[in-house]
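Chain residues, written in single-letter form:
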Amino acid sequence: MTGRQEIDSSTVAICEGALLLRFKVVHAADLHLDTPCSGLGRTAPAVAAALREASLEAFAGLVELCLREEAAILLLAGDVYDGPERGIRAERRLRAGLERLGVAGVRTFAVHGNHDPLSGDGGAAWGTGTHVFAADEVTAVPVERDGTVIATVHGISFREREERRNLARLFRPSGEGLQIGLLHANVGDPQHAPYAPCSTEDLRAAGMDYWALGHVHGRRLVLEGGPWGAYPGVLQGRSPAGGETGAKGALVLACDDRLGLLEPPRFVALDRIRFETLEVDISGAMDVQDAIDRLETAAQTAREEAEGRGVILRATLTGDFGPEAELQLRQGEILASLQETGLAQDPFVWWDALDLRTRAPILRDEIRGGGDLAAEVLREADRLRASPDDLGRILGELEQDLSRFPVRDALAGRTPAADLLTEAEEICLRLLTGGDGR
Amino acid sequence: MILRGWEIEGFGIFRGMTMADLPQGLTLLLGPNEAGKSTLLAFLRFMLFGFLRGEQQKHLPLLGGRHGGRLSFEDRDGIWTLERIQGQPAKLFSPDGRQLGEDGLRNRLGGLDADTFRSVFAFSLFELTNLETLNRDEVRDRLYSAGITGAGRSATSVLAQLRKGADGYLRPRSKEGQINKLSDALAKARRDLNDATQLAGRFGEIENELAAVEAQVQAMGEEAARLEQRRSHLVRLEGFVVPWNRLGRLQEEMSREAAPPAIDRSTVERIEAERDRLAENRKAAASHADACREVEERIAREEALLDRGLLAVAAPLNSVLQELALQRDRLARIERLGQEIATQEGHLARMAEEIGVDRTADLPAVTQSTLRTADEGIERLRSLSQARARAEAEEEGALQRLAKAEDAVAAAAEQARPLQDSMGMADYHLRDDALARHREAIETLARRRGQLLGPGLLAVALLIVGLAAIAMQAWLLAALAPLGLAALLVLGFGQPGRDLRRIAAELRLAAAELGLASALDPAEVAKEISDLHREFSRVTEASAARERLHAAEAERLDAEHQLEECRTGLAAARAEELEGDVALAALTRSLGVPPDVTAPQIVSYLRGIQALRAVQAELDALKVRRSDEEQAIGAWEERAKEVLGQLGRDVPAVREAVPEAIAALREPLDGAQRHETALRLHEEERRAAEERREAAAMEETAAGLALASALREAALEDVAAFERWREERGAYEQRLHERDLAAADFRDQVGAAADTFAQELAAGNLEAWQAERGRIAARLEEIADGRDQAVRQSQDLVRQRAEIAESSDVPAFAARCLELEEELRRAAGAWRAQALAGRLLERTLEVYVQSRQPEVLRTASDAFRHITADRYREVRQRSDGQGLLAMPQSGGPKEPDELSRGTQEQLYLALRLGLAASYGDRVAALPLVLDDVAVNFDPVRQLRFLEVLGQFASEPGRQALFFTCHPSLAQAAQRAVPELRVLEIGAEETSSEVAVALDEPAAERLLRLLGPGPLAVKELTRLSGLDEARVRDLVQELVLAGQVNAIGSGRGRRYGLA
């Protein structure tokens, strides 16, 4: 034996590393392309225009992310559209983006969710290189690179919006490479509609390496380690409430065909407009201007955290604030002033609403013992509370005035009568007692 | 709330008015009419609530001060101080010193508004009767809602606010509410969304239409392409008809013509070449013969012109000609040299004469060193002379200074002479001191005598009175005699007498010191002192003169010393000057300077010698140069004369003419040499021309032979036959060429398919082709129109499709709908809450008024019953709730209108007490301030009312201030209400009620008119332009305010500034 050299262990490791097939997967869900934002009051024209483009631009960002990361696979876990009446603009942008990925060699896999069930698809083209899973049964599609299967993607679509089956139980591992489950489902979250309900145990039992989930709009890691499972959340927030606030985007997975995920999913923000809710403590503020300054300081922080995006804010003001009555009285003016200041910035900050919770609680017992009109108001409110029919009759009389206006739908989620009575009672007491409720 | 006091800075007629320690309970403030009671009421209202709108110009501070003041009050938290100045925010200082504003004050007042305070708590008779019914809503509000709110607004204002707020959201029968507007906007947005959605639904239809149109366009395009191809073919075919026909004609002509015989091309070319060569050779031979003849002629002409004699002396002649210009220069130079030498000679003679030397003698050599030595000697001698002159001037100065010093000594000696007979300075000072003491003793003695004069006279008077009493046996006064005597004795022999005597002794002693027999009187002493001072002045001057004498003598000695020194220096300077003079004389002698040359002229003499020598040297050099020029001129003349002799020409006698004679030969010589050269060249040309003529003849012969050989070969007789053949053959070949060109042209035009076209042309018909082409053009136009239309339709569809595809209208309108729905939801929610709050408050008020009314009426009934001494037992509300009823003990109920005025007012007062009590019980007890509201009551009911008022105010925390102008009422009230406190409003701080309405400019006008002096009312009326009654009122006010005094009484009363 002559001429054979000793090879050190690091060289061996490098050679072994070179033999491993590493690739990247991008996971997004709930794109709700080109659908309007909800829960917002009227916005400035510039903000409205930006909002209209936000979801489409976020999708464009997703395409850029796949290309930048040289991803092998893009996973779209349902609710690409908000409903069956999808915009042509959205379809075209989606198709163009997916075709661009197809040309670049990125395989796209998609399932239909409750917002865009297969029954309402209408045969819209997804573009070449995109595989859309059928409903009714789970199918598996291998993904090859250089002749080797690096992953097998399993998925199933919603046929109808009301999908109540536990679809996770239909998944079984097959084929080679990384086993990916693509599913629009509610994994034990009572806050969301119970479509395709399942549990984490169901997910574990299915034998997948990674569950690419959709449906829940807040980003969440459902399973950690082996297997992994995650909701990436919506691609672009659409409301200043609930799971729509904060950074929104997609997850990037660094994978190996044999070792699975090499690291926890990495979040990349892709939203174009950031929705945030702020709670601003204005205790000790000298005056209203001081309170406004604190709000603007908080907005500045949110703006910096948004990293160059436009920001839509809804703020709750808390704390003990002396001139609360003035704040209450000038609420509209303050909001308009904040909106004006925020709009002048680039990128903009749009204040949607201010929620004043700076008032001291109304001391009902103390008022009740006063024997004055305020106490009488409390007693009258108690009487109405005890007589829902009277209250209902009064409200019915009042709402007669609303009959000719198209506000029935608007009042669909209206405040219950008892809560409304409490609110009315508080209004009276604050006005009668000079605002502090004592 | 108990008012504890106030301080009015300026308010109406009040300025600096204070009140302190007001008690709880009932207080009666007594003041006559126009004492300012109503102003005080206004002040208290102002302090607690500020002015109502339109009141700001009332109660201006007529007497100055800031418009407002301070008020202190006490409640359960302690004593508060309120400061209010018109135009500034009120300041309320809490018991612990914190400063609060209007809000804090409103809290203290239980949220009461100004109107209610005026109606219920602080009112005058007018306002009492103004609140006359209970059936008006606002009255009901005042009676029942006032005080039922806390620190906020009245219930009615809250209700109004809620209604206004709800109206802002929704107005069922208007378009102004927010919900109304949002609903309209939402309906429009939904219509827009529907339209946009329908438009988007057309996307598929548009795509189908577009596909059909595009297919139509494509089919038309294909047909048009086919037709274009056919039309193009026909156009080409038509274009080929002309060349095709021309080719056919040429081919026909060639087929009928016989061709000339053919000659080999090389033979033709050889014949043409030999023919041309022969012609050229002949032409060259003739030319060469002409050239030979021409050269011969030129040679003959040159021979005739050639001067060979001149050529024989060409070499020496050229030599002198070359130096001819030089010779002329030499002649000119030698003349100039002669002139220069003569000039220098004259110059030299003048210089020698000026210097005074013989230029022929041997002159000394003068160098720069020599000149410098002489110059230094002269300069030294000059400086020595100057030194000697300065020494002489100094000696003169010293002599003058000595003379002045001697004069000064003589003058000082004269001034100092008086000193020899004067006293010494010490003596003078001793005498001066003695005189001063003498004068002081005189003055002391006089003063003491003066001091003793009064007591002395008194003692004498006592003594005289005592003695007189003794004489008159008035024994009581007789005691004065011994008293006066004793006083005299004490003055004469006691300490005063001793002092006088001691001073007199000192005076005498001082006189002795001065050498006087007795003391002097003060005038003499003054004269003595004056004389002494004059003497002292004279001595002082002489002493100064003596000092100046000493200084002058020292100056004289110094001048003498200086003169001596000057004389020594002068001698030394003279010696040095003599020495320098001798040295300079020795130097000039050594330089050969004549002895008669003075020292200042030595250097110029030496410079003259130096210049003379330089001119002489230059003159010598000029003479040498003239000699050299003479030699060169002579040599050239000799050679020139020799040439002239050889040519047999005359030699000029004058030197200057020789160059001209030589110069005249230059041109003939040049001509002879030119002719000689030309002759030589012509001969060479003749030889060459002859050689060329011979060669050409040989060439000509050879060419003729070769031509003949070639013609024979072509079977032609001669050159003329050859020319004819060539012409015929050329014409034939030209026609052949034309035919070939036509054929080639046809092929070029038709191209590869020439054969096919040839068949078509051979078989075709031009008219048929043109007709077909017309049909095709018409069809193509049809297709173009249809295609354009289809393309436009397609573009339109493409645009529509792109617009729909990229339109954001649907999401935009959807977003707009969502936004509006959200706003509508918010607005509807807010409206529901506010509307329900309003309804809740309305219901509460109804219940509240119903439940509270009896309490107020019960208190009012008690008060009314007491005031009317049970004549009326109750106050009730009418059954319809629209008014009050007074219930008498007997008989039916009475409407307020049925009551007498006094009883009506009692009813309303009773009602106010009920309201105030209710407010005090529920919210805050506030002070009652009543301004003469009982004037219409009979005395009994006045007292009974005051009893009720006292009873009301005696409750804890309550207070009532009752203003009246009736002292009798005050006295009666004190009996009726033992705890009553009566305070008088003093006249000095008050003015009349009229002053409240006093307009400041009018008052100021009267004050200004009164400035110069007192005036009567009529005069004031005339001057001021006001009516008389007004003037009387104003004047009265000003009198009360202390600004004006009344002078006199009755008709003669006048008024002047206080």
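Rules used in this analysis
- Residues numbered from 1 in each chain as written.
- Chains lettered and ligands numbered in written order.
- Predicted model: local features only at pLDDT ≥ 70, side-chain atom pairs only at ≥ 80, totals over all residues.
- Heavy atoms only, no water.
- Contact = heavy atoms within 4.5 Å.
- Buried area = accessible area lost by both parts, 1.4 Å probe.
- Salt bridge = Lys/Arg side-chain N within 4 Å of Asp/Glu carboxyl O.
- Polar contact = N/O pair within 3.5 Å; in protein donor to acceptor, adjacent residues only side chain to side chain.
- Helix = DSSP H or I, 4+ residues; strand = E, 2+ residues; numbered from the N terminus.
- Domains from an automatic or database assignment.
- Nonpolar A, V, L, I, M, F, W, Y, C, P; charged D, E, K, R; others polar.
- Disulfide = S-S within 2.5 Å.
- Buried < 20%, exposed > 50% of the residue type's maximum accessible area, 1.4 Å probe, protein only.
- Core = buried A, V, L, I, M, F, W, Y, C linked by side-chain atoms within 4.5 Å.

(A) Looking closely at the interface of chain B and chain A. Each partner contributes to the interface: chain B provides 60 residues, whereas chain A provides 58 residues. Taking both partners together, chain B and chain A bury about 5,000 Å²; carbon and sulfur atoms supply 64% of that area. Of all residues in chain B, the largest losses of buried area upon contact with chain A belong to R832, L836 and L840 of chain B, amounting jointly to 15% of the total for that side. Counting every contact that joins chain B to chain A gives four salt bridges. One salt bridge connects E380 of chain A with R843 of chain B, and the closest N-O pair in it is separated by 2.8 Å. Scanning the region where chain B abuts chain A turns up five residue pairs in polar contact (both at pLDDT 80 or more). Residue assignment for the side of chain B that touches chain A shows that the elements contributing at least two residues are α6 (155-169), α7 (178-201), α24 (766-806) and α25 (809-867) of chain B.

(B) Spotlight on the domain arrangement of chain A. Residue and element names in this part refer to chain A. The domain boundaries assigned to chain A delineate domain 1 (21-271) and domain 2 (274-432). Measuring from the centre of the C-alpha atoms in domain 1 to the corresponding centre in domain 2 gives 38 Å. At the junction of the two partners, domain 1 supplies 24 residues and domain 2 supplies 11 residues. Counting each side, the surface lost to burial between domain 1 and domain 2 is near 1,300 Å², with a carbon and sulfur contribution of 63%. The interface formed by domain 1 and domain 2 contains two salt bridges. Where D271 meets R274, a salt bridge forms, and the shortest distance between an N and an O atom there is 2.6 Å. At the junction of domain 1 and domain 2, the tally comes to four residue pairs in polar contact (both at pLDDT 80 or more). With three residues, helix α2 (residues 45-69) is the single largest residue contributor to the side of domain 1 that touches domain 2. Considering only residue class, the side of domain 1 that touches domain 2 consists of 11 nonpolar, eight polar and five charged.

(C) Broad picture of the state of the cysteines. Residue and element names in this part refer to chain A. According to the stated counting rule, one finds zero disulfides over all chains in the structure shown. Sulfur of C255: no disulfide; nearest cysteine sulfur belongs to C66 and is 13 Å away. We classify C255 as buried; its relative accessible area is 0%.

(D) Up close: the nonpolar core. Core analysis: the biggest nonpolar cluster contains 88 residues, and W6, F945, L949 and F962 of chain B have the highest contact counts within it. If you tally residues by element for this core, the top one is helix α26 (residues 901-922) of chain B, at 10 residues. If we ignore the near neighbours within four places in the chain, the residues touching L949 of chain B are L26, L913, L928, L930, A960 and F962 of chain B. Core analysis: the next-biggest nonpolar cluster, separate from the first, contains 46 residues, L402 and L421 of chain A together with L159 and L824 of chain B among them.

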